[in-house]
Each structure stands twice: as C-alpha cells, then as structure tokens.
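# Secondary and tertiary structure notes
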Amino acid sequence: MDAREFKQRYMPHHQVLYRVAYHLTGNAQDAEDLLQDLYLKLWQKRDELPDEAMKEAYLVTMMRHLFVDQHRLKRLDDSAELKEEASPPDERSLDHQIDAKDEAQQMEGLISQLPERDAKIIRMHVVDDRSYEEIEQDTGLSQGNIRIIVMRTKKKLKQQFNNITKTWTN
C-alpha cells in the first residue's frame, strides 16, 4: 500500500478518531499525539492489516488499546521513579545525577546549534511544556507545521546526541 492509498483509507476517519482520542486523553495535545501514534502504527503494519481495519469501529478499538498500553507504561515508569526516590542516595545515584546533568548540558548545546526558529519551538514544546496551540499563537505557524518541526528536530537531536554518546563510550 502506498501513501496515497493509505490516506484514502484512513484519513476519512480522522475527525472521529481525533474526538475519541480527545475523550480518552482529556486535552488536545495528547489527543494529537495519540492519533499520530495510531497513524504511525497503521502505517508500519499497513501490509499486514485485515480488510476490517478500514472500518471505523476497528480503528477506534485500536486507538483505545493503544491508549491503555501507553497509560500502563506511564504508570510503570511513574512507579519506578517513586521507588528510586524512596531509596537513599548511593554512589550509583550520584553518578546517575552527574551523568544526567552532563547529558542535559550536551543537549542544550545541541539545541543552541539549531536554526533559531527550530531551537525556539523545541524549547517551547519540550522545556516549557507548551501545547502546539500555544506555540501557534506565539509563532504564527500552523499546528501541523509545528508538529513536523518538533518531530524532525527531536529526531535530529536524538541522532546527534547518540553520536556524541558513542564517542564517550569508545
């Protein structure tokens, strides 16, 4: 299945899926992220999906399952953080804190090397935890453009950071 056929099959359900995602998450940004994750999953499995996957009910069920899975992972991450915080600090946790601070400084350095617009948008979204709508109001860019800039910038930063960490470990 090519991109054109994929869009023809799944984009007509976009509004319904967005409403379901919004109902599940409770806010627009998380709903957009959930919907994007659903489309990504559909795209990755596009050649394996049954014919019934074009039906709205199937897509809604798939989204609900994706939401539950993400919610479970978040709860597990939160409980792991609580366990870490409950234990007394030891030498490993101090090393971890130092490593985390170094990584944060490296990431800030990478962000400062980005084009001004991209750096501003990624800081607003990741550091300031602002929604696409809030960023749209400040920058005048559409939410779709902002989403693409954030996605591409995150990917670029991740690649650059991985390259740096590879040189640390070698």
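Structure report, in brief. Because the structure is predicted, anything quoted here is derived from the model rather than measured. (Residues numbered from 1 in each chain as written. Predicted model: local features only at pLDDT ≥ 70, side-chain atom pairs only at ≥ 80, totals over all residues. Heavy atoms only, no water.)

## Regarding the pattern of salt bridges
- Enumeration according to the criterion identifies 5 salt bridges in this entry.
- Between glutamate 32 and arginine 147 there is a salt bridge, with its nearest N and O atoms 3.0 Å apart. Here glutamate 32, found in helix H3 (residues 28-44), pairs with arginine 147, found in helix H8 (residues 143-169); they are 115 residues apart in sequence, far enough to count as distant.
- Close ionic contact of arginine 117 with aspartate 118 constitutes a salt bridge, the shortest N to O distance being 3.2 Å.
- Judged by relative accessible area, arginine 117 falls into the partly exposed class, the value being 48%. (Salt bridge = Lys/Arg side-chain N within 4 Å of Asp/Glu carboxyl O. Helix = DSSP H or I, 4+ residues; strand = E, 2+ residues; numbered from the N terminus. Buried < 20%, exposed > 50% of the residue type's maximum accessible area, 1.4 Å probe, protein only.)

## Some points on the environment of glutamate 133
- Among the structural elements, glutamate 133 can be located in helix H7 (residues 132-139).
- Taking the C-alpha atoms as reference, glutamate 133 lies 8.1 Å from glutamine 29; in sequence the two are 104 residues apart.

## With respect to the packing of aromatic side chains
- Taken as a whole and judged by the stated rule, the model has 3 aromatic pairs.
- Plain terms: the ring middles of phenylalanine 6 and tyrosine 10 are 4.9 Å apart, the flat faces sit at 50° to each other, and that makes the pair tilted. Highlighted residues: phenylalanine 6 and tyrosine 10, both in helix H1 (residues 3-10), separated by 4 residues, approximately one helical turn. An identical accessibility class is assigned to phenylalanine 6 and tyrosine 10; each is buried.
- Each ring, one from tyrosine 18 and one from tyrosine 22, has its centre 6.3 Å from the other, and the planes form 35°; the classification is tilted. (Phe/Tyr/Trp six-rings, centres within 6.5 Å; stacked < 30°, edge-to-face > 60°.)

## Here's the deal with the environment of leucine 110
- Turning to its location among the elements, leucine 110 is positioned in helix H5 (residues 91-112).
- For leucine 110, the contacting residues outside a window of four places in its chain are Leu157, Gln160, Phe161 and Ile164. (Contact = heavy atoms within 4.5 Å.)

## Thoughts on helix H2 (residues 14-25)
- For H2, with 12 residues, the first-to-last C-alpha span of 16 Å sits near the 16 Å given by 1.5 Å per residue.
- Taken together, the buried positions of H2 are occupied by Leu17, Val20 and Ala21. Down the axis of H2, the buried side of the element spans an arc of 100°, and every buried residue falls inside it. Turned more than 90 degrees from where H2 packs its buried face, Gln15, Arg19 and His23 sit exposed.
- Two residues or fewer after H2 comes glycine 26, characterised by a positive phi angle close to 90°. (Expected span 1.5 Å × (residues − 1). Arc of directions from axis to C-beta.)

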